[in-house]
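# What the coordinates show
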Amino acid sequence: MLAVPPVDFVLHNSAFLVAHFHNVIIGGVVFGALAGINHWFPKAFGFTLDERFGHASFWCWLIGFYLAFMPLYALGLMGMTRRLGHIPDPSWRPLLLVAEAGAIVIFCGILCQVAQLYVSIRTREQRRDLTGDPWNGRTLEWSTSSPPPAYNFAVLPRVETIDAFWQMKRTGRAPAAPAYEAIEMPRNSPAGFITAFFATIMGFSLIWYIWWLAILNFLAAVIVVLIAGWSIEREEEISAAEVAQMER
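To keep things clear, this report deals only with the structure shown in the data block. These numbers were taken from a predicted model, which means no experiment stands behind them.

## Regarding unusual backbone geometry
- In this model, Ser146 is joined to Pro147 through a cis peptide bond whose omega is -10°.
- With respect to the element layout, Pro147 can be found in the loop between helix 4 (93-122) and helix 5 (164-171).
- The phi dihedral of Arg83 is positive, around 55°, even though this residue is not glycine.
- The residue Arg83 is located in the loop between helix 3 (51-77) and helix 4 in this model.

Here it is as C-alpha cells:
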C-alpha cells in the first residue's frame with residue numbers, strides 16, 4: 001500500500017498519522033498507565049484515591065480523547081498535512097474546532113487528576129487501607145499490608161492455582177502460616193536513581209552533540225556504578241522477631 005503515492009501521503013505526512021499515533025499511544029499506553037496508578041496506588045501508599053475526581057477524570061479523558069483525535073482522521077483524508085503554520089482550507093475549520101474542544105476536555109481531565117491527588121492526600125487518614133485488599137483482589141499482592149513491608153511476604157505463600165489469593169479466600173485458608181524466620185534483604189541504595197539521572201543527561205547531550213557534557217555524565221555514571229559494585233555492605237538481616245512484629 002505504501003507504494004501507492006496517495007496512500008503513502010496519507011499515512012506519512014497527513015493529520016491521519018497524528019490521529020493514529022495518539023490513538024495508539026494514549027489508548028494503548030497512557031490509559032493503561034492511568035488504570036494501573038488508580039488500581040495499585042493504595043497498595044503502594046496505603047490509602048485510596050478520591051473516586052469522585054477519579055470518575056470525572058476518566059470521563060474527561062475518554063470523551064476528550066475521541067473528540068480530539070477522531071476528527072484528525074477525517075482531516076488527513078481531506079488532505080490536511082502535519083505541522084501547518086496556517087489553515088489554507090476553511091472547510092477544515094469545523095473539525096479543527098471539535099478537535100480543539102477535545103483537547104480542552106482532556107486538559108480538564110488532567111486538572112481532575114491533580115485535584116484527585118491533592119484531595120486524596122489531604123484526606124488520607126480517612127482513606128487508609130487497613131485491610132491490604134481494598135478491591136477484593138484475586139492476586140497475591142493484595143494479601144500483604146498496604147504499603148507492603150520491604151520483604152513483601154514474611155512466608156512464601158503456597159501457590160496452587162492461577163489466582164492463589166482468590167482461592168485462599170474461597171477456601172478460608174490463610175495466605176501463609178505464621179512461622180517466621182529471619183529474612184536477608186538488600187540495603188537501600190540511591191545508586192540506580194543517580195545512574196539514571198546521569199544517563200538521562202548523557203542521552204540529551206548525545207542528541208544535541210554536546211560531547212563534553214555527554215562524556216562527563218558517562219564518566220559520572222560509571223563512577224557511581226563502580227562505587228556501588230565495590231561496596232561489600234549490600235545486605236542486612238531482619239530478625240524473625242522484627243518480622244513477627246511488622247506482621248502484627
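## A short note on the state of the cysteines
- Using the criterion set out here, one finds zero disulfides in the structure.
- Cys108 takes part in no disulfide bond, and the closest cysteine sulfur, belonging to Cys60, lies 5.6 Å away.
- Free of any disulfide, Cys112 has its nearest neighbouring cysteine sulfur in Cys60, separated by 4.7 Å.
- What makes Cys112 buried here is its relative accessible area of 15%.

## Let's talk about a negative patch on the surface
- Taken together, the side chains of Glu184, Glu235, Glu237 and Glu242 make up a negatively charged region of the molecular surface.
- Tracing the sequence through the fold places Glu242 in helix 8 (residues 240-247).

## Details of the environment of Ala240
- Along the chain, Ala240 turns up in helix 8.
- Sequence separation between Ala240 and Tyr180 is 60 residues; the distance between their C-alpha atoms is 5.5 Å.

## A look at the packing of aromatic side chains
- Per the counting criterion, the structure on display carries ten aromatic pairs.
- Plain terms: the ring middles of Phe58 and Trp59 are 5.0 Å apart, the flat faces sit at 75° to each other, and that makes the pair edge-to-face.
- Phe58 gets classed as partly exposed once you look at its relative accessible area, which sits at 47%.
- Through a chain of ring-to-ring contacts, the aromatic side chains of Phe31, Trp61, Phe65, Tyr66 and Phe69 assemble into a single cluster.
- The ring of Trp166 carries Arg138 above its face, with NZ or CZ at 4.5 Å from the centroid.

## Focus: the nonpolar core
- Among the nonpolar cores identified, the biggest contains 15 residues, and Phe69, Leu72 and Leu75 are the most heavily contacted of them.
- Taken together, the elements giving at least two residues each to this core come down to helix 2 (15-45), helix 3 and helix 4.
- In terms of residue count, the dominant contributor to this core is helix 3 (seven residues).
- Those residues in contact with Phe69, other than ones at most four positions away along the chain, are Ala19, His22, Asn23, Ile26 and Ile106.
- Counting residues in each nonpolar core, the second largest holds six residues, with Tyr151, Met185, Ile238 and Val243 among its members.

## A look at the pattern of salt bridges
- Scanning the entire structure with this criterion turns up seven salt bridges.
- Its salt-bridge partner being Asp163, residue Arg138 comes within 2.8 Å of it at the nearest N-O pair. A residue pair is termed long-range when its members are at least 10 positions apart, and Arg138 in the loop between helix 4 and helix 5 and Asp163 in the loop between helix 4 and helix 5 qualify at 25 residues.
- Arg138 sits in the partly exposed class, given a relative accessible area of 40%.
- We classify Asp163 as partly exposed; its relative accessible area is 22%.
- Three or more residues joined by partner-sharing salt bridges are found here, namely Asp50, Arg52 and Arg127.

## Some words on the packing of helix 6 (residues 191-207) against helix 7 (residues 211-230)
- As a packed pair, helix 6 and helix 7 sit with axes 8 Å apart at the nearest point and diverge in direction by 160°. Judged on the interaxial angle alone, helix 7 and helix 6 are roughly antiparallel. The handedness of the crossing between helix 6 and helix 7 comes out as left-handed. On the side of helix 6, the interface is formed by Ala191, Ile194, Thr195, Phe198, Ile201, Met202, Ser205 and Leu206, while helix 7 contributes Trp211, Leu213, Ala214, Asn217, Phe218, Ala220, Ala221, Val224, Val225 and Ala228.
- In the contact of helix 6 with helix 7, the residues fall into 15 nonpolar, three polar and no charged.

Criteria and thresholds
Residues numbered from 1 in each chain as written. Predicted model: local features only at pLDDT ≥ 70, side-chain atom pairs only at ≥ 80, totals over all residues. Heavy atoms only, no water. Helix = DSSP H or I, 4+ residues; strand = E, 2+ residues; numbered from the N terminus. Disulfide = S-S within 2.5 Å. Buried < 20%, exposed > 50% of the residue type's maximum accessible area, 1.4 Å probe, protein only. Patch = residues over 30% accessible without salt bridge, like charges linked within 9 Å, V, L, I, M, F, W, Y side chains within 5 Å. Areas by Shrake-Rupley, 256 points an atom, 1.4 Å probe, with all protein chains shown as cover. Salt bridge = Lys/Arg side-chain N within 4 Å of Asp/Glu carboxyl O. Lys, Arg positive; Asp, Glu negative; His and termini not counted. Charge placed at Lys NZ, Arg CZ, Asp CG, Glu CD. Phe/Tyr/Trp six-rings, centres within 6.5 Å; stacked < 30°, edge-to-face > 60°. Lys NZ or Arg CZ within 6 Å of the ring centre and 35° of its normal. Core = buried A, V, L, I, M, F, W, Y, C linked by side-chain atoms within 4.5 Å. Contact = heavy atoms within 4.5 Å. Axes fitted to C-alpha atoms, helices over the stretch in contact; angles between N-to-C directions. Parallel < 35°, antiparallel > 145°, perpendicular 65-115°, else oblique. Left-handed = near helix turned anticlockwise from the far one by under 90°. Nonpolar A, V, L, I, M, F, W, Y, C, P; charged D, E, K, R; others polar.

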